[in-house]
Each structure stands twice: as C-alpha cells, then as structure tokens.
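# Results of the structural survey
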Amino acid sequence: MKPALAFLRNSWRQLTSMRTALVLLFLLAIGAIPGSILPQRRLGETPVQQYFIENPKLAPVLDQLGFFDVYAAPWFAAIYLLLFTSLVGCVLPRLRDHVRALIKTPPEAPKRLERLPQHTVYGTHPTLDFKGWRKVRREHPDGSVTISAEKGYLKETGNLLFHSSLLVILAGVAIGAQWGWNGQRILIEGADKPFCNVLYQYDRPVLGPYVSASDLPPFCLELEDFQASYLENGQATSFEATVNGGQKFRVNHPLRLDGANVYLLGHGYAIEARYTDAAGRVQQVTAAFPDNNDMMASIGVLLFPDANGGDPKNQIGFEGIYLPTAEGASSLHPEERNPRLTLIPWKGDIGLDAGIPQNVYVLDTKRMTPFGERKTLKKGETQTLPDGSKLEFLGTRSFIAISVRHDPGEPIVLTGAVLLLVGLPLSLYGKRRRVWLRLHPDGTAEAGGLPKTDYPGFADEFEKVTRWQSTESFSPSR
Amino acid sequence: MAIDGVFLTLTVSGYMVAMLLHAADFAFGPQSHVARAAVRERELVGAGGPAVVEGAPHPYAAPEVEPSSEPRSRWLLPAALIVTVVAGAAHLATVLARSLEAGRMPWGNMYEYVMTGTLLATAIWLFMAVKKPGVRHLGLFLVLTQVLLTGVAGIVLRKPVAPLVPALDSVWYVVHVGSIITATGLFLVGFAASVMYLIRSGYDAGKRTWFYPYGRLLANAETAERLSFRLHALAFPIWTFGVAAGAVWAEAAWGRYWGWDPKEVWAFISWVIYAGYLHARATPSVSKRTAAWIAVIGWLTMMMNLFGVNIFFTGLHSYGGV
Ligand code: HEM
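Computed from a predicted structure; not experimentally measured.

Let us look at unusual backbone geometry. Residue and element names in this part refer to chain A. Within the chain, N244 stands out as a residue other than glycine whose phi angle is a positive 45°. If you trace the backbone, N244 turns up in the loop between strand 9 (236-243) and strand 10 (247-249). A positive phi angle, close to 65°, is found at M296, a residue other than glycine.

Take a look at the structure:
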C-alpha cells in the first residue's frame, strides 16, 4: 500500500513540475503539425480520398492512428489533457499560497537589512509615505519599530487568472462540441427554392452528441436577390445576399437568427433547363453549378430522372460547363457578358433512386452511355438529341452557399480569451517587491528593499519610496 | 513601375549596404581580429622582442587596447546605423506609397504584409540601438534578415495594387493583421537578440567553431538575453491578442472561431512554443541557453507560417494571394 501511494505522489509531483509542462507544451506543438500537412476530414473528404489513392499502403495506417483528424485523435487529446491536468496541479497550490499571502500581512523585516539588494540609512526617523503599498507596523520589545511594505500582488493574481482562463477556454470548446451543430447548404434564388432548417435539407450536417434533429430551431430562408460586383480584371469587390423580405447579409456580416447564424461562404450560377423527351413529356430543372473558379467557369450536372417514363435504363443526364464570359474554353469575367453552356449528354441509370445518397453535383456515368454530341448553347438555344428529344437552355439564376451554425460554447471561449488577455500582461509585467523600514530606538533608521522578481528598475523605485518626502516635523509614533 | 517599386529598390539596396558595413565592421572595426592584430603588431614593434612571449594577449581575449588606435575603421558601425536609418526611411516610403495608392492599410497581400512587418522590425531595432549602444553589433543579424525578407517580398511576392477582396473587407482586418504584424516585428528583433546571446554565451563558454568566434564582438551575453526576454514578453500578449482577434473575425467570416486551418495550426504552434519559452525562462532549472534555443525555434515556426503555409498549403487564408 505504502509504495503504491509513494509512487502516486511521485508521479503527481512529476506531472505538475515545470519541466513536464515544458515537455507537454512541446509535444502539443509537434502533435499539431501533421494536421497542417496531411489532409483533414474536417476540412473535406475529397482530399483524404485522394491521399488514399496516392498512398494506398501508408494511408490506412495513418488513418488508424487518427492522422486524418488529428485534433480529434485520442493521442492528441491525451497530450492536452495531461497538460491541463498538470496545469490544475500547478495552479491549485499556487492559488492556495496566493490567497494566504493576500490574507497574511507582509512579513517581518529581516534582521540584517544591509544584506538586501537595496539599502539606505537615515540619521533621524523619516516619515515615509508607502502610498499604494500593503503595509504593517510592528513594535518590538527593544523599542524598535518596523514597517513592512509589499506591492505587486497583481502579478500572481494575473498569472493565476491567465492559467485558469485556459481551463475556461477548454470548457467552452468542449461545450461547443457537445451541444453545437452546423450544416451546409446551397440556396438557389427564387420563391420556389426555399430552404427550411430541418436536418435532411443539409448537405453535410454535423450534430453534437447532445443535439437531436428536433432541437434545430425552426426557420426558413428564401433567397430574393444576390448581388456581386467585380473589377474589370474579375476580382470581386463585394457580395450581398438578400433573404426573407429584405434581410441582407454578406461575407464578414452573417445573418444572426435566434438560435443559429447563417454565413455566406460562396456563390455561383444555377442553370435553368427544360428537357422534352421523345414522347413529349416535359421536365424542368434549376441546377446549381457549384464547382467554380474565380471567373465563375462552373461545372455541374443536369439530371432528368423522370425522362422516358422514369425507366432506370433510359434516364437522361448532362455534364455541363458554364462560362459566364466565354472565350474559347475559359471564362474571362465572372459576370454574364457572353454566357455559354456546354453539355455532354448521357443516357442510362443516373442512380438517384438507388437509395444511396450521392453527390447530386456530379454525374456517375458507370451505368450510362454517351448519347449524342457535346454542344455549346447560348441562353434560349436548344439542343436536339438522337432520339428527337430536346434540351432547352432557359437561363440562369444565382445561388449562394451557406453555412448554418450554432455554437453555445462561443461566449464561454470569448470570456476565457478576454480573461487570458487581462491576466497575461499583469503576470508578465507585474513585479512583486518588498520594502522594510526599521526605526532604531537611538533615533537612527534604515530601509531595505527586495525585488521578488526580475526587475531592473527596482533601484530607482526604492530610491523614490525611501526618499524622505514629508516636510512635517518628525513624529516617531506615526 | 509604381512609385513604391522605386522606394523598394532603394530599401533593399540600403539594407544591403548596411549589411556590408556591418560585415566590414566585424572584419575591420575597432574590436575586430584584424584590427587588433594590427594594433598588437605595432605594440610589439614598439616594445621590442621579449614582450611577445610574456604580454601578448590571447588572440580571442577581449581587447585591452582602446580602439582609438585604429581610427580608420571606427566609422563603420555608425555608418552602418546611418545607412540603416536611410534604408528604413525608404522602407517607410515604400509602405506609405503602397498604402496611398491602394487607399487602405498596407497589408492586403503577402508582399504588403512582409513589407509592413519588416518595417516595424527596423523601427523597433533603431529604437533599441539608440537606447542601448551596447547592442548595436546585433544590427548585422537584423539587416541580413531584412535583406532576405524585403528581397523576397520585392522579387517574388510583389503584385500590382488591388482593392481588398470581400473577405478582407472588415474592421477586424486592421485589428487582427495589425496586431499580428506588430508581434511579428517584435519577435523578429527578439529572435536576433537570442541568436546574439547564443553566440556570445557559447563564446564565453569556450566554443570556437561555427559562428562562435564572432561572439567576442557581441554585446555582453546577459544584456542580450535580457533584451530578448523583454521583447518576447512584449510580443507574446500582442500575438495572443492578434490570434484571438483572428478567431473573432473567423467567427464572423467563416462561421467558426477556430477550424484548424493551416494558418491557424501554425499560429497555435508558435503560441505554444513561445509559451514554452516563457516557462523555460522562468524555470531556474532550465538553462538560459535552452530557453534561447526555444525562442529560435519559435521564430522558425513564425517563418513557417509566413512562407511555408502560404506557399505549400491551401487554406482559407490563401485569398490575399501569395
Ligand atoms: C496549457 C498550458 C500552459 C500554457 C499555454 C501556459 C502559458 C504560460 C505563459 C504564457 C506564461 C507567462 C506568463 C509569466 O511569465 O508570468 C506562464 C507562466 C507560468 N506558468 Fe504556465 N502555461 C501552461 C501550463 C502551465 C503548467 C502546467 C504549469 C505548472 C507546471 C505552469 C506554471 C507556470 C508558472 C509557475 C508561471 C510563472 C512563471 C513566472 O514566475 O514568471 N504553466 N504560463
């Protein structure tokens, strides 16, 4: 039993030592590096899949070790949890000592003041004004009087505040991860394309463990207008979306709703097209082309699952490239100055109703065959396919990509950050120091000073504090 | 070429001249090996043979002879400082011209960012060189870094003036980037002081390989170490504030205050390393040299963030253009 206890106590002492803290800080820094080098799932699945294809041997091993989501990996958590344990073990005893120091009076003067870094003597009893110092006066049996003065408690207060605020931040992050949720979504302009805040309407919803689908606050969004302005060279200067009867939001200025914020992350063109199959049945779509570059050259698909009676073998789909200002195969400007839509038609099983949720922005042509020529259309033009069916390019609308989020940990993290920023300068620039004055019975006196921390300017301060400022006559009893 | 380009050329050339002057001061200045050898020779000739055996100073010993005996090279260090002032003025003009032309704060892309950060470092350095003559030799490290950084900024990173992309159109742009640049400038000078301390204290400990022989020319080790600590202690809260302001901005712009984007990862790494430096510095059982090495690593992580992340990784921060 005893050796076990001793071992525990020793381990605890080790863990809360400054050296361990240093090592853990270093481990934390090193552990964070792979997350910036390897693709991370939280930033998108595609680069991770790409990495698997390029490194078929290494990738599964890295995956096992959590390297594609470093900041959620158990070993990363182990590092920071050990660090925070060490921090608590460090802060608690210091907090106790600090509270004691605050309650207790400044200590008695050392016997030999002349041994202190600062020392001065007086021929008479001076009246010193220790304004702003915590002080205590002690009378001694031999008739001497000492005054102990201390200053700079804020340094330790700041240090404790600063270290504790790290715990507040950690708590805020944890609460956000447990009770927060977010999702992404494309919203096409028009009253016929509203979005309501229910789980299945999101492309990539992420719910914290303590959030259920019914917890999402009810609201709907309808994109009324989207304005983008550009320079002549194509660089964007502003984006602004208008929703729900005139509520505007833009990049850096999210829409703050009750229980969720809506962020404008991207935008582009959605293609409106009408397909008339050989039997004359009409189907119309408005499809966002979300994969776009700076000049809004956009890639997307037009899907007509109900064509030809919805027979899975005879569905129709188009791969499309849209160039708002076409010049050859590229776009020269993001605005629609010379819009062209190039389409590649396919026939076969689109796979939409296979029950497997799939990306609706790329065409899976595995079970499809090419169906006629690739063709480039202007707005209003029609392409005729081999079976006499027709595709008509009706026009375009804007769409926006939004992220909807709720993070209840945010105010806590912000509070922690503010406390940290208050505590840090106090801790770094504060200076704990003590000054003692001893009045000897024979009428002489001496003062000594001790800086408790690295403090190059202490000599000056000591000189100022111990200069006899009073012009009143000397009063030994005060 | 826009007007800032002219000033830029002046700036880089100015730093180069200052660098050469500093280097010459190392080689021929009053404390240099060459100069002291010359002085010694003259003394030997004057004093006659026997003195050689008895009184000749060790080649690495601090100069006992007042440097005045070699007037030819005493102007090198002041000249280097004056040229640094001139280059700094051209540097300021570069940043101002760019800022006026763009009609906004001069840190909309990497070129402007590097130019402003390095300008701050020069300002901090000149302030210190005036206040503490003992550290002036440190200028060699500083102008060397400046030649490299402003050179890279001018040759590789420079782009025509453009207005801000919408993502940067925010008050947080000034607050976040301004504080990050300030902290970076301070860390840069702190780094130079740490390097100086490492060389000097290594020299004092008897190391004679690598750069260590130059240690004898540098300011007293304790002065350099103190200076380095004070710069880091000033820079760290500003860096912390800048990172926190970035998080507030990220919340408004991207919907989350922290998302482990590569820039954020490296800002975090630098923060942790510099926290490590402050702890190491405050722990008596950790040597000052270890602490200084941690500061050097901290600066490497800063450089990684500035160049490495912008060039090798794509993340949300890449809009400003490399
Ligand atoms: C999340 C991990 C930690 C971070 C980011 C951190 C950060 C800092 C920073 C920036 C300082 C500088 C302020 C100053 O010098 O007063 C500091 C000081 C200090 N830290 Fe930490 N710390 C951490 C964990 C710890 C742990 C685990 C311990 C205990 C072993 C500890 C003990 C101290 C002490 C004693 C000081 C005061 C040094 C002095 O007297 O100046 N810290 N900390």
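This brings us to the sheet that holds strand 9 of chain A. All names here are of chain A. Spatially, the 3 strands line up as an open sheet ordered 8-9-10, and their pairing is antiparallel. Strands at the two margins of the open sheet, each flanked by one partner only, are strand 8 (223-230) and strand 10. With direction set aside, neighbouring strand axes in the sheet form an average angle of 20°. As paired elements, strand 9 and strand 10 share 3 bridges and run antiparallel to each other. Across the sheet, V243 pairs through a bridge with Q247, a residue of strand 10.

Residue and element names in this part refer to chain A. Along the polypeptide, Q283 turns up in strand 13 (residues 282-288). The buried category is assigned to Q283, whose relative accessible area is 17%. In contact with Q283, not counting residues within four places along its chain, are A273, R274, Y275, L303, F304, P305, D306 and A307.

Glancing now at empty space enclosed by the protein. Residue and element names in this part refer to chain B. Evaluation of the coordinates by the stated rule reveals 4 cavities of 30 Å³ or more. Taken together, Y113, V114, G117, T118, L149, T184, G185, L188, W299, M303 and L306 form the lining of the largest cavity. Listed by contribution, the elements that provide at least two residues to the lining of the largest cavity are helix 5 (110-131), helix 7 (171-204) and helix 10 (288-312). With 4 residues, the top contributor of residues to the lining of the largest cavity is helix 5. Partitioning the lining of the largest cavity into residue classes produces 7 nonpolar, 4 polar and no charged.

Further remarks concern the site of the ligand. The environment of the ligand is made up of 21 residues, and the closest members are C90(A), R94(A), H163(A), S427(A) and H279(B). The ligand sits at the junction of chains A and B, each of which supplies nearby residues. A distance of 2.4 Å is found between an oxygen atom of the ligand and a side-chain nitrogen or oxygen belonging to S427(A). A distance of 2.5 Å is found between a nitrogen atom of the ligand and a side-chain nitrogen or oxygen belonging to H279(B). Elements represented by at least two residues in the shell around the ligand include exactly helix 2 (18-32), helix 6 (74-103), helix 7 (153-179) and helix 8 (410-429) of chain A together with helix 9 (262-282) of chain B. Grouping the constituent residues of the shell around the ligand by class yields 13 nonpolar, 7 polar and 1 charged.

Okay, a nonpolar patch on the surface next. Residue and element names in this part refer to chain A. A surface patch of nonpolar side chains, about 510 Å² in accessible area, is lined by V88, L92, L95, V99, L102 and I103. With respect to the helices and strands, V99 occurs in helix 6. Classification of V99 by relative accessible area gives partly exposed; the value is 40%.

Attention now moves to the packing of aromatic side chains. Applying the stated criterion across every chain yields a total of 24 aromatic pairs over all chains. Between Y71(A) and F76(A), the aromatic rings sit 5.4 Å apart at their centres with planes inclined by 85°, giving edge-to-face as the arrangement. Take Y71(A): its relative accessible area is 8%, and that puts it in the buried class. Three or more aromatic residues joined by ring pairs form one cluster here, namely F67(A), Y71(A), W75(A), F76(A), Y80(A), W258(B), W260(B) and F268(B). The lysine or arginine in question, R433(A), covers the ring of W133(A), its NZ or CZ lying 5.6 Å from the ring centre.

All names here are of chain A. In total, this model carries 1 disulfide over all chains according to the counting rule given. Here C196 engages in a disulfide with C220; their sulfurs sit 1.8 Å apart. When the S-S torsion is 105°, as for the bridge of C196 with C220, the disulfide is right-handed. Here C196 is found in strand 5 (residues 195-196), whereas its partner C220 is found in strand 7 (residues 220-221), with 24 residues between them in sequence.

This part covers the sheet that holds strand 1 (residues 118-122) of chain A. Residues and elements named next belong to chain A. Strand order in this open sheet of 5 strands is 1-25-24-3-2, and the pairing throughout is antiparallel. With partners counted over all chains shown, the strands left at the sheet margins are strand 1 and strand 2 (134-139), one partner each. Averaged over all neighbouring strand pairs, the angle between strand axes comes to 15°, with direction disregarded. Inspection of the sheet shows strand 2 paired to strand 3 (residues 145-151) by 6 bridges, in the antiparallel sense. Counted as the bridge partner of R138 is T146 from strand 3.

A common way to express how large an interface is: the accessible area buried when the components associate. Tallying the contact residues gives 49 residues for chain B and 46 residues for chain A. With both sides pooled, the region where chain B packs onto chain A buries about 3900 Å², and carbon together with sulfur makes up 69% of that total. Ranking the residues of chain B by area buried against chain A places P166(B), Y257(B) and W260(B) at the top, with a combined share of 17%. Taken together, the connections running from chain B to chain A amount to 1 salt bridge. Here R256(A) ties to E251(B) by a salt bridge, and the two come within 2.9 Å at their closest N and O atoms. Sorting the residues of the side of chain B that touches chain A by element identifies helix 8 (221-254), helix 9 and helix 10 of chain B as the ones contributing at least two each. The biggest single contributor to the side of chain B that touches chain A is helix 8 of chain B, with 15 residues. Here the residues of the side of chain B that touches chain A are counted per class, giving 35 nonpolar, 8 polar and 6 charged.

Donor atoms from the polypeptide that coordinate the iron atom of the ligand comprise H163(A) (NE2) and H279(B) (NE2), at 1.8 to 1.9 Å from the metal. Geometry at the iron atom of the ligand is octahedral, judged from its 6 donor atoms and the angles of 81 to 177° they form at the metal. Of this pair, H163(A) sits in helix 7 while H279(B) is found in helix 9, placing the two residues in two different chains. For H163(A), a relative accessible area of 11% gives the class buried.

Here is what the cut-offs are and how they apply
Sequence positions are assigned chain by chain, starting from 1 and proceeding in written order. Here the convention is simple: chains get letters from A, ligands get numbers from 1, in the order in which they are written. Per-residue local features of the predicted model are confined to residues with pLDDT of at least 70, and side-chain atom pairs are confined, for both listing and counting, to 80 or more; whole-chain, interface and lining totals are unaffected and use all residues. The side-chain figures draw on all heavy atoms in the structure; neither hydrogens nor water molecules are used. For the purposes of this entry, the term helix denotes a DSSP run of H or I that reaches at least four residues, the term strand denotes a run of E that reaches at least two, and both are numbered from the N terminus. A pair of strands counts as paired when DSSP detects no fewer than two bridges linking them. Lines are fitted to the C-alpha atoms to define the axes, a helix being fitted only along its stretch in contact, and any angle between axes, read from their N-to-C directions, falls within 0 to 180 degrees. For the exposure calls, accessible area comes from a 1.4 Å probe over protein chains only, and a residue counts as buried if that area is under 20% of its type's maximum, exposed if over 50%, partly exposed in between. Working rule for contacts: check all heavy atoms of both residues, and any pair within 4.5 Å makes them a contact. Points on a 1 Å grid over protein atoms alone make up a cavity when a 1.4 Å probe fits among them but cannot get out, and a pocket when they form an open set with protein on both sides within 12 Å along at least five of seven lines; lining residues each have an atom within 4 Å of a point. Grid points are joined across faces, edges and corners, and a volume is the space filled by probe spheres set on the points. Just so you know the grouping, Ala, Val, Leu, Ile, Met, Phe, Trp, Tyr, Cys and Pro go in nonpolar, Asp, Glu, Lys and Arg go in charged, and all remaining residues, Gly too, go in polar. We call a residue near a molecule or strand whenever a single non-hydrogen atom of that residue lies within 4 Å of it. We define a polar contact as two N or O atoms separated by no more than 3.5 Å, with the added condition that, inside protein, one atom must be a possible hydrogen donor and the other a possible acceptor, whereas residues neighbouring each other in sequence contribute only through side-chain atom pairs. Surface patches are drawn from residues lacking salt bridges whose relative accessible area is over 30%; two like charges belong together within 9 Å, two nonpolar side chains (Val, Leu, Ile, Met, Phe, Trp, Tyr) within 5 Å. The accessible surface values rely on the Shrake-Rupley method and a 1.4 Å probe; as for residues, cover is taken only from the protein chains in view. By definition, a salt bridge exists where a carboxyl oxygen of Asp or Glu is found within 4 Å of a side-chain nitrogen of Lys or Arg. Aromatic contacts are taken between Phe, Tyr and Trp rings whose centres are within 6.5 Å, Trp giving its six-membered ring; a plane angle under 30 degrees counts as stacked, one over 60 as edge-to-face, and the others as tilted. In our convention, an over-ring charge means Lys NZ or Arg CZ found within 6 Å of a ring centre and within 35 degrees of that ring's normal. For the purposes of this analysis, a disulfide is any pair of cysteine sulfur atoms at a distance within 2.5 Å. Once two parts are put together, the accessible area they lose, assessed with a 1.4 Å probe and summed over both, is termed the buried area. Note that water is not among the atoms considered, so a metal site may appear incomplete; the donors listed are N, O and S atoms within 2.8 Å of the metal, with 3.2 Å applied to Na, K and Ca. Sites are called tetrahedral only when four donors show all angles between 85 and 135 degrees, square planar or octahedral only when four or six donors show opposite pairs over 155 degrees and all other angles between 65 and 115, and irregular in any remaining case.

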